[in-house]
Amino acid sequence: MTNAAPAPDERPGPEPRSAFARFIPLSTRWMDNDLYGHLNNVVYYSLFDTAVNQYLIEQGALDLHGGEVIGLVVETRCNYFESLAFPQRVEAGLRVAHRGRSSVRYEIGLFAEGAPTCAARGHFVHVYVDRETRRPVPALPAAYLNALQALEGLPK
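Scoring rules and cut-offs
Residues numbered from 1 in each chain as written. Predicted model: local features only at pLDDT ≥ 70, side-chain atom pairs only at ≥ 80, totals over all residues. Heavy atoms only, no water. Buried < 20%, exposed > 50% of the residue type's maximum accessible area, 1.4 Å probe, protein only. Helix = DSSP H or I, 4+ residues; strand = E, 2+ residues; numbered from the N terminus. Pairing = 2+ DSSP bridges. Core = buried A, V, L, I, M, F, W, Y, C linked by side-chain atoms within 4.5 Å. Contact = heavy atoms within 4.5 Å. Phe/Tyr/Trp six-rings, centres within 6.5 Å; stacked < 30°, edge-to-face > 60°. Axes fitted to C-alpha atoms, helices over the stretch in contact; angles between N-to-C directions.

Asker: Whenever I open this one, the pairing of strand E4 (residues 103-112) confuses me. Can you help?
Answerer: The two faces of a sheet get side chains in turn, since along a regular strand they alternate between them. For E4, the buried fraction is high: eight of the 10 residues fall into the buried class. Strand direction decides the pairing type here: strand E3 (residues 89-99) and E4, joined by nine bridges, are antiparallel. Its bridge partner being in E4, Gly-93 is matched across the sheet by Gly-109. Joining the antiparallel neighbours E3 and E4 is a turn of three residues. The pairing of E4 with strand E5 (residues 120-130) spans eight bridges and is antiparallel. Note that in E5 the partner of Gly-109 across the bridge is Arg-121.

Structural data, given as structure tokens:
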């Protein structure tokens, strides 16, 4: 289930919708645009985080206030191919590239609404930890495993 990362000198390109298992619709906001008239780079990371967490909440895996397990981001990356800007609607494509004992590498493609290829593509790694101790859990809870199964196993 692990996808090989491109060589350091090889820049990844945009991917089609078929490379992603699930899509989450997202809205841009006026404040997301920067001085150059497009989404500021930090907004892309926020959209990644929002898409993954929204999916996990909808699937009943993530309980923001009462859950014993939370995900901490330990790694992230983004490649940009086209500009996105407010008031554009964005569709975040999700897939799981790797699942470990207590970690998950999510890969996300951000698409302008209806676009055939992603405007940006990136990943982040969540390490799932006990909310109180902040130590990695020995295994992902069943609710997470069920939610992740729908995002795994896609050809790249």
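What follows continues from the structure just given.
Asker: What exactly am I supposed to notice about the nonpolar core here?
Answerer: What tends to happen in soluble globular proteins is that the nonpolar side chains get buried as a cluster. Counting residues in hydrophobic clusters, the biggest one holds 36 residues, and the most contacted among them are Leu-56, Tyr-106, Ile-108, Leu-110 and Tyr-128. Tallying contributions element by element places helix H1 (residues 41-58) first for this core, with eight residues. Excluding its chain neighbours within four sequence positions, the residues that come into contact with Leu-110 are Tyr-44, Leu-47, Phe-48, Leu-84, Val-90, Glu-91, Ala-92, Cys-118, Ala-119 and Ala-120.

Asker: How do you make sense of the packing of aromatic side chains when you look at a structure like this?
Answerer: The description of an aromatic ring pair rests on the distance of the ring centres and on the angle between the ring planes. Overall, the coordinates contain seven aromatic pairs when judged by the stated rule. With a centroid separation of 5.5 Å and 70° between ring planes, the pair formed by Phe-23 and Phe-111 is classed as edge-to-face. A residue pair is termed long-range when its members are at least 10 positions apart, and Phe-23 in strand E1 (residues 22-27) and Phe-111 in strand E4 qualify at 88 residues. The exposure class assigned to Phe-23 is partly exposed, which follows from its relative accessible area of 28%.

Asker: I would appreciate a short explanation of the sheet that holds strand E2 (residues 69-80) in the present structure.
Answerer: For sheets, the rule is that strands pair by backbone hydrogen bonds, running either parallel or antiparallel. Read across the open sheet, the five strands follow the order E1-E3-E4-E5-E2; overall the sheet is antiparallel. Looking at strand neighbours, the two that pair on one side only are E1 and E2, the edges of this open sheet. The average angle at which neighbouring strand axes cross in this sheet is 30°, direction not considered. On the sheet, H1 packs against E1, E2, E3, E4 and E5 and is oriented at approximately 55° with respect to E5. Where helix H2 (residues 142-149) meets the sheet, its contacts fall on E2, E3, E4 and E5, and the angle it forms with E3 comes to roughly 115°.

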